[in-house]
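# Report on the structure
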Amino acid sequence: QVQLVESGGGLVQAGGSLRLSCVVSGLTFSTYVMGWFRQAPGKEREFVATISWVGTGTEYADSVKGRFTISRDNAKNTVYLQMNSLKAEDTADYYCAASKSSFNTETRLPSYAYWGQGTQVTVSS
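Residues numbered from 1 in each chain as written. Predicted model: local features only at pLDDT ≥ 70, side-chain atom pairs only at ≥ 80, totals over all residues. Heavy atoms only, no water.

## Observations regarding the pattern of salt bridges
The final tally for this structure, using the stated rule, is 5 salt bridges. Note that Asp90 and Arg38 form a salt bridge whose closest N and O atoms lie 2.9 Å from each other. Of this pair, Asp90 sits in the loop between strand E8 (78-83) and strand E9 (92-99) while Arg38 sits in strand E4 (residues 33-39), placing them 52 residues apart in sequence. Take Asp90 and Arg38: they sit in the same class, and that class is buried. (Salt bridge = Lys/Arg side-chain N within 4 Å of Asp/Glu carboxyl O. Helix = DSSP H or I, 4+ residues; strand = E, 2+ residues; numbered from the N terminus. Buried < 20%, exposed > 50% of the residue type's maximum accessible area, 1.4 Å probe, protein only.)

## Brief notes about the state of the cysteines
Such a bond, covalent and formed between the sulfur atoms of two cysteines, is termed a disulfide. Inspection of the entire model under this criterion finds 1 disulfide. Across the disulfide from Cys22 sits Cys96; the S-S distance is 1.9 Å. Classification of the bridge connecting Cys22 and Cys96 rests on its S-S torsion, roughly 40 degrees, and on that basis the disulfide is right-handed. Here the residue Cys22 occupies a position in strand E3 (residues 18-25), and Cys96 occupies one in strand E9, the gap between them amounting to 74 residues. By the burial criterion, Cys22 is buried, and Cys96 matches it. (Disulfide = S-S within 2.5 Å.)

## As for the side chain of Glu6
By the element assignment, Glu6 lies in strand E1 (residues 3-7). Despite its burial, Glu6 pairs with no opposite charge, the nearest such side chain being Arg45 at 7.4 Å. A distance of 2.9 Å separates a polar atom in the side chain of Glu6 from the backbone nitrogen of Gly118. Here Glu6 is in contact with Ser21, Cys22, Trp36, Tyr94, Tyr95, Cys96, Gly116, Gln117, Gly118 and Thr119, once residues within four sequence places are set aside. (Lys, Arg positive; Asp, Glu negative; His and termini not counted. Polar contact = N/O pair within 3.5 Å; in protein donor to acceptor, adjacent residues only side chain to side chain. Contact = heavy atoms within 4.5 Å.)

## Some remarks on the sheet that holds strand E7 (residues 68-73)
What the 4 strands build is an open sheet, ordered E1-E3-E8-E7; its pairing is antiparallel. Of all the strands in the sheet, the pair left with one neighbour each is E1 and E7. Taken pair by pair, the neighbouring strands of this sheet meet at an average axis angle of 15 degrees, ignoring direction. Pairing between E3 and E8: 6 bridges, direction antiparallel. When the bridges of E8 are listed, Arg19 appears paired with Gln82. (Pairing = 2+ DSSP bridges. Axes fitted to C-alpha atoms, helices over the stretch in contact; angles between N-to-C directions.)

Spelled out as structure tokens, the structure:
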């Protein structure tokens, strides 16, 4: 049974930082492209960041570039999202996801087969 469990969300003031974690079990973690997505109330789920199998390739949404950093530890089956300089518009539920994409990184939501339950991030202005 595949499980992705996010943690690290919470309430933070604008300009602050949070680090999200996602622990994965039930699949061979090192063979999956990993991604973070987010969904704000009343909006569609959107791509945030993705990382390649061994962590050498990354991509970011323009809205978070320079502020967020995705990383992974294959020994711990864990993917992280370090979020700095948070803004009110970053408020959303954040989801990690796993993709068997043949590409080095993957920004397309339908390419992700496995999803976590989400963790809520609220940024107060």
